[in-house]
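Observations on chain architecture
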Amino acid sequence: MGKNLNEAMKMLEDGQKSAEDERETKNTKERHTRPLQGSGQNMVSILQLVQTLMNEDEEEESQAFRRIQNVGEQGHMALLGHSLAAYISVLDKDRLRKLTTRILSDTTLWLCRLFRYENGSAYYHEDDREGLLKVCRLVIHSRYEDYTTEGFNVLYKKQPVIYMSAASRPELGQYLCNQLGLPLSCLCRVPCNTMFGSQHQMDVASLDRILKEDIKLGKSPLLLVANAGTPAAGHTDKLARLKELCDENNMWLHVEGVNLAMLALGHVSSSVLAATKCDSMTLTLGPWLGLPAVPAVTLYRHEDPALSLAAGLTTSQPVEKLRALPLWLSLQYLGHSGIVERIKHASQLVRTLSLLTCLKGFCQLRKLSSTQSIGDYKVIGVPFWWSYLRVSL
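The text that follows walks through the structure, step by step, so that each part is easy to find. (Residues numbered from 1 in each chain as written. Predicted model: local features only at pLDDT ≥ 70, side-chain atom pairs only at ≥ 80, totals over all residues. Heavy atoms only, no water.)

1. Details of the sheet that holds strand 2 (residues 160-165)
The condition that has to hold: When DSSP finds two or more bridges between a pair of strands, those strands are recorded as paired. Runs of H or I in DSSP of at least four residues are treated as helices and runs of E of at least two as strands, each being numbered from the N terminus. Here an axis means a line fitted to C-alpha atoms, over the contact stretch when the element is a helix, while the angle between two N-to-C directions is reported on a 0 to 180 degree scale. Working rule for contacts: check all heavy atoms of both residues, and any pair within 4.5 Å makes them a contact.
Spatially, the 7 strands line up as an open sheet ordered 1-7-6-5-4-2-3, and their pairing is mixed. Of all strands in the sheet, those with a lone pairing partner are strand 1 (121-125) and strand 3 (187-190), marking the two edges. Recorded for the sheet is a direction-independent mean angle of 20° between the axes of neighbouring strands. Where strand 2 lies against strand 4 (residues 220-227), 5 bridges are found, and the strand directions are parallel. Paired with proline 160 across the bridge in strand 4 is serine 220. Strands in contact with helix 7 (residues 130-143) are strand 1, strand 2, strand 4, strand 5 (252-256), strand 6 (280-283) and strand 7 (296-300); relative to strand 4, the strand with the most contacts, it is inclined by about 155°.

In C-alpha cells, the structure reads:
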C-alpha cells in the first residue's frame, strides 16, 4: 500500500512530461467529460486525468508553478493513514474495535503530554471550527438538564450567551449560532483594550461588566472563546485572569490560536502556559507541523461520558475513530524531538520575519540624518522591535 502511494505521488509530483504524454493528456482532457467508460481505465490513465484536472486552470503559467507541492516523507505518512483507514475499516468488528481504541488512546495520550494538557480527552475533526461547536453542545447539555427532551423551550426561558473577542475570526460566531440554531443575539463580542495594553487583547474589565449586566437580565453565560494568538496580530489574551472570571461565573473557557504550539517547547511564557488550565483548546497540527490532510484536535476535560456522547465529542462507531490514524502515524514518524524541532524552527522564522518587518517599518518612520550615528539607530530601534516580538510570540 505504501509502495502504491509513493508511485502515485511521484506521478502527480512529476511536472515534466514528454510530447507523447502531452498528447495523451490532451486526449484524456477531452474524454473526462464523457460518460463513464464501459471497459474501465488503468491507474496511469486515471492519475493523468487527475493531474490534468489539477492543472487545467494554469495552462498559461510556467511549468514550475504547475508542479504539485512536494509533501515530503512525513506528508506521505499522513496520506498513507487515509489509505490504511479505508483498509482497516473492512476488518471484523472485534479486531476493528480493539485496533481503533488503541490508535485513539495512543494519539490522545501523546497529544495531552506533548501540549501539557493533563487528564484530557480528544475529539478529531476536519473543520477546525467543529471542535468548538461540539464543545458548545456539551456545555448546553451540561447547563440545561432538560435540553434533551425540551429542546429550544429551555433555552428560551434563560437565553444562553457565547462570548468571544472582537479580534477573533469574524465568521466564527455566526457559524456557531447557525449550527446550534441560536439567534445572533446569543453572541456577544467583547471589545479589546484601546487605552492600556495591547489593542488585540480582550478587555477583561469590559467582559466582567458585560457578564454582570447579562446575569441581571436573566441570561446564562455559557462559554468564552479566548485567543492564544489572534488571527491578525498573534496576540495572546490574559488567559489566567479570564479563567478566574469564568470560574466565578460558572462559564466554560475555550482557547484557540497558533501560540498554543509553543506549549510543546521546554520554555513557555506564562501567558501561553495559562492555556493548560482552560476547559478546552483546539490544536491545528497540520499547518504547525507541515502535515497534509491530518485532522484538527480539540482537547477537553469533562467527567460525564454520557454528555460527551450526546454532544458528539465521542462516538461508539469504530470507523469514526480512525480519523486519528493519520496523526497516529505522523506523530510516530516525527517523534517527540522531531515535533519540537519543527515548532522551534517555525518560531525562529517568525522571529526573523518580525525583526525584518519591524526594522523596515522603523526605517520608514524615522530616517537617519547625517548627524545620527549607526549606534544611535540601533539603540532607538531595539525597544521598538523587541516590544513587538514580546506581544507577537
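2. Here we look at the side chain of threonine 236
The following threshold applies: Any pair of N or O atoms that falls within 3.5 Å is considered a polar contact. Within protein, one atom must be able to donate a hydrogen and the other to accept it, and sequence-neighbouring residues count only if both atoms are side-chain atoms.
Looking at where threonine 236 falls in the secondary structure, it is placed in the loop between strand 4 and helix 12 (239-248). Among the polar contacts made by the side chain of threonine 236, one reaches the side chain of asparagine 259 at a distance of 2.9 Å.

3. Re the packing of aromatic side chains
For clarity, the cut-off: Each aromatic pair joins two rings of Phe, Tyr and Trp (for Trp, the six-membered one) with centres within 6.5 Å, and gets the label stacked for planes under 30 degrees apart, edge-to-face for over 60, and tilted for any other angle. Three labels apply to residues, based on accessible area from a 1.4 Å probe with only protein chains included: buried if under 20% of the type maximum, exposed if over 50%, partly exposed otherwise in between. In this analysis the charged atom, NZ for Lys or CZ for Arg, is taken to sit over a ring once it is within 6 Å of the ring centre and within 35 degrees of the ring normal.
Counting across every chain of the model gives 2 aromatic pairs. Centre to centre, the rings of phenylalanine 115 and tryptophan 288 are 6.1 Å apart; their planes meet at 50°, and the pair counts as tilted. Of the two residues, phenylalanine 115 is situated in the loop between helix 6 (93-114) and strand 1 and tryptophan 288 in helix 14 (residues 285-289); the sequence distance between them amounts to 173 residues. You can call phenylalanine 115 buried: its relative accessible area is 0%. You can call tryptophan 288 buried: its relative accessible area is 13%. The interplanar angle of 40° and the centroid separation of 6.0 Å between the aromatic rings of phenylalanine 152 and tyrosine 156 together place this pair among those described as tilted. Taken together, the positions of phenylalanine 152 and tyrosine 156, both in helix 9 (residues 152-157) and 4 residues apart, correspond to about one turn of that helix. Above the plane of the ring of tyrosine 175 lies arginine 129, whose end atom (NZ or CZ) is 3.8 Å from the centre. In this structure, arginine 301 is placed above the aromatic ring of tyrosine 117, and the distance from its NZ or CZ to the ring centre is 3.7 Å.

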